[in-house]
Amino acid sequence: MYCYQFYSLLRVSFFLWTAGFLDSSRTTAEAGTSDAANSDDGPSQSSFFFYQQSTYPRDCREVQEQCSSHNSTGVFMIKPDGYLEPFEVYCDSTDISGGWTVIQRRIDGSIDFGRDWDSYKTGFGFLSREFWLGNEKLSFLTNQKKYQLVIDMTTSNGSLIRVSYDHFRISDAFSYFKLVNLGQYSGETDVVTLCPTNMAYTNCSTACQRTCEAPGICQDDVCTEVEACVCRDGYFLLGSDCVPREQCGCYESEGQTIIPEGEFNVNPRCTRKGVCTNGQISWDETYACSPNAVCDVRNDIRRCYCTGGYRGDGEVCERPPKDCQEIYEDGTSDDGIYRIEPTGWTGEAFEVYCNMTDGGGWTVFQRRVDGTEDFYLEWNSYKQGFGHIDHEFWLGNDKLYYLTNQKRYEIRIDLVNKEGAPYYAKFDFFRINDESDNYRLSGVGTYSGTADDQSTPDGISLTYHRNQQFSTKDRDNDAYSGNCATYYLGAWWFKDCYYSNLNGRYGHSYFYWYYLPGSNIYLQFVEMKIRPV
């Protein structure tokens, strides 16, 4: 039993309490997959939370139960089901129920909360003052039991606001930590309307609200109520803040807009570009769009934008990148959909999904998530590609051929078995031939990773298929007497009908990586991606 207290802290503002347990004999994830394991058509719903019981307290309610002999308010170690390592949390047991797990606190602005995705994923701040626990920890916490969420807020005039929701749960990182449940709301509040700095609470019918974008016009649509907070005299609305007129920037009469200090504005015809410096606009009269660009407004910004797969600032437009590695080297570190044009590709630039983890620059060519896409398809479908590139898809063997033959590529395959355990396999070389050779798997290099049982030759689940041609249900190119693609309901570089079939029917035993460690070799998630070595 663990009951280690570290230090005592201030009152909380945002915390969780166990509202009731789920069925202890079977987790939600197990209940969602046990039926799926017996179905040829795959699971009816997807879940990415698969847990094992921890020896540490799983939350502050269990800390309270284990530490009943002394105060259970302070910093303790917990380990939610499925989370790899225990971590510190602040537990609050100052009220009559106790056992609250604090996930956020704001006190004095000492910690900057305007942070990026990774900061909110891992957490930041100090448990002794202001902090955010971290979305990844929160997803594991809220998916092991049913939790109540309580938010305590204190206004600048001392009024206390407490609201609660009786079922709070978020999803995992793959689903972008989606807010899945809130449940029933309840609240107690004694709120006095307090206006932000430089604003006054007034009758909207008599107020003239001006904005930095149009300082000469009283805006009619700023107020949605009879009374509201509007900018004081001499102040203008900039976004959601009221600033002095001189902070609005430079007024541009042709477009009747304000250029913020240090930023630029392009006129409606994209024939000149002005930069606001010390309240004055400096115009570049030589500004013009490239022949491969168009004058357009996107995300409220007018300028020249490259088109037709070209990239650049709109004045100069170059051919698209060859792969996601070049996009990453250009300074882009966000996962997402981008356009590329490999060497030798004769069609238009095409969209790919770029994964920027593990060093960045991975071009994803296959993903399986929940079985919504049918992978038991014919040769032409695998040649051209199919599915939705932000969900389940196969990029296309033609595209994959041009990609893997323009540089030397490594491959990474991420897998999650039906019990939720993650694995990966890397091979330092990956290449396929063109259609005239039936997209033969002509290169598979040296293996590293966690996806093959240590008792087997390294990487045999894929290296076994080295130098094999691609087979589909309508084109049998394997070494077996029958058609493995037909027998195993997929398409692959089959030699014989075993060791791996990552395009097999989802939710079926035919969707597998044979030497995956443990007793469960069947899969619920796969992503295959390549990157230049």
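Residues numbered from 1 in each chain as written. Predicted model: local features only at pLDDT ≥ 70, side-chain atom pairs only at ≥ 80, totals over all residues. Heavy atoms only, no water.

Novice: Just give me the short version of unusual backbone geometry, but keep the residues and values in it.
Specialist: Backbone geometry places Asn467, a non-glycine residue, at a positive phi of 70°. Looking at the element boundaries, Asn467 is found in the loop between helix H8 (460-463) and helix H9 (484-487). Residue classification places Asn467 among the partly exposed residues on the basis of a relative accessible area of 43%. A positive phi angle, near 85°, is found at Tyr499, a position not held by glycine. In this structure, Tyr499 sits in the loop between H9 and strand S34 (500-501). Using a relative accessible area of 14% as the deciding quantity, one classes Tyr499 as buried. (Helix = DSSP H or I, 4+ residues; strand = E, 2+ residues; numbered from the N terminus. Buried < 20%, exposed > 50% of the residue type's maximum accessible area, 1.4 Å probe, protein only.)

Novice: With reference to specific residues and values, describe the state of the cysteines.
Specialist: Counted under the stated rule, the structure contains eight disulfides. Disulfide pairing is shown between Cys60 and Cys91; the S-S distance is 1.9 Å. Taking the sign of the S-S torsion, -75° for the link of Cys60 and Cys91, the bridge is left-handed. Residue Cys60 is found in helix H2 (residues 60-66), and its partner Cys91 is found in strand S3 (residues 87-92); the two are separated by 31 residues along the sequence. A relative accessible area of 1% means that Cys60 is categorised as buried. (Disulfide = S-S within 2.5 Å.)

Novice: An account of the nonpolar core is needed here, citing residue identities and associated values.
Specialist: With 55 residues, the main nonpolar core has Phe365, Ile413, Phe430, Trp493, Leu502 and Trp513 as its most contacted residues. Non-local contacts of Phe365, meaning those with residues more than four positions away in its chain, are made with Phe393, Trp394, Leu395, Leu400, Ile411, Phe430, Met528, Lys529 and Ile530. In this structure, Leu138, Phe140, Leu141 and Tyr165 belong to the second largest nonpolar core, which totals 33 residues. (Core = buried A, V, L, I, M, F, W, Y, C linked by side-chain atoms within 4.5 Å. Contact = heavy atoms within 4.5 Å.)

Novice: Could you give me a rundown of the packing of aromatic side chains, with the residues and numbers involved?
Specialist: The full count for this structure, using the stated rule, is 36 aromatic pairs. Summarising the aromatic geometry, the rings of Tyr120 and Phe124 are spaced 5.0 Å apart at their centres and angled 85° between planes, so their arrangement reads as edge-to-face. Tyr120 sits in the partly exposed class, given a relative accessible area of 21%. Residue Phe124 is classed as buried on the basis of its relative accessible area, which comes to 7%. (Phe/Tyr/Trp six-rings, centres within 6.5 Å; stacked < 30°, edge-to-face > 60°.)

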